[in-house]
Amino acid sequence: VKPTTPRCSVPKAVPVGKSASLHCHENEGFPKSTYSWYRNSEPLSPDSKSSKSHNSSYTLNPATGTLVFHAVHKGDTGRYSCIATNDAGFAKCEEQEMEV
């Protein structure tokens, strides 16, 4: 079963140096969906160390759809969206702005 549009929660504004948690979830898809996050339409690597865009530290869990920034900085500002994917297809949530 193709995933439905996931529900994404993105904090509107986060003070520099604070942590931020972004969540993405849908429960119609079968088999269970995996989740990927995008900032300004660029995919975020599941491993922040291999992220070429900037030196942000974050943890991305593709199984739960949770993206946690340990200490945000200005470079983390942007439009975030998430895609839920399984064998039957994928669905994307609306982009949401996070300001740092």
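Being a predicted model, the structure only gives us computed values, none of them experimental.

Peer 1: Looking at this model, I keep getting lost on the packing of aromatic side chains. Mind explaining?
Peer 2: To describe a pair of aromatic rings, you give the distance between the ring centres and the angle between the ring planes. Counted according to the given criterion, the structure contains 2 aromatic pairs. Measuring from ring centre to ring centre gives 5.9 Å for Phe69 and Tyr80, while their planes differ by 80°; the resulting arrangement is edge-to-face. In this pair, Phe69 sits in strand E6 (residues 66–69) while Tyr80 sits in strand E7 (residues 78–86), placing the two residues 11 residues apart along the sequence. Looking at Phe69, the relative accessible area reads 0%, which means it is buried. Aromatic ring contacts, followed pair by pair, group Tyr58, Phe69 and Tyr80 into a single cluster.

Peer 1: Looking at this model, I keep getting lost on the sheet that holds strand E2 (residues 20–25). Mind explaining?
Peer 2: Strand pairing in a sheet relies on backbone hydrogen bonds, with the paired strands running either antiparallel or parallel. What the 4 strands build is an open sheet, ordered E1-E2-E6-E5; its pairing is antiparallel. The open sheet has two edge strands with one neighbour each: strand E1 (7–9) and strand E5 (58–61). On average, each strand axis in the sheet is inclined to that of its neighbour by 5°, with strand direction left out of account. For E2 and E6, the ladder comprises 3 bridges, and the chain directions are antiparallel.

Calculation rules
- Residues numbered from 1 in each chain as written.
- Predicted model: local features only at pLDDT ≥ 70, side-chain atom pairs only at ≥ 80, totals over all residues.
- Heavy atoms only, no water.
- Phe/Tyr/Trp six-rings, centres within 6.5 Å; stacked < 30°, edge-to-face > 60°.
- Helix = DSSP H or I, 4+ residues; strand = E, 2+ residues; numbered from the N terminus.
- Buried < 20%, exposed > 50% of the residue type's maximum accessible area, 1.4 Å probe, protein only.
- Pairing = 2+ DSSP bridges.
- Axes fitted to C-alpha atoms, helices over the stretch in contact; angles between N-to-C directions.

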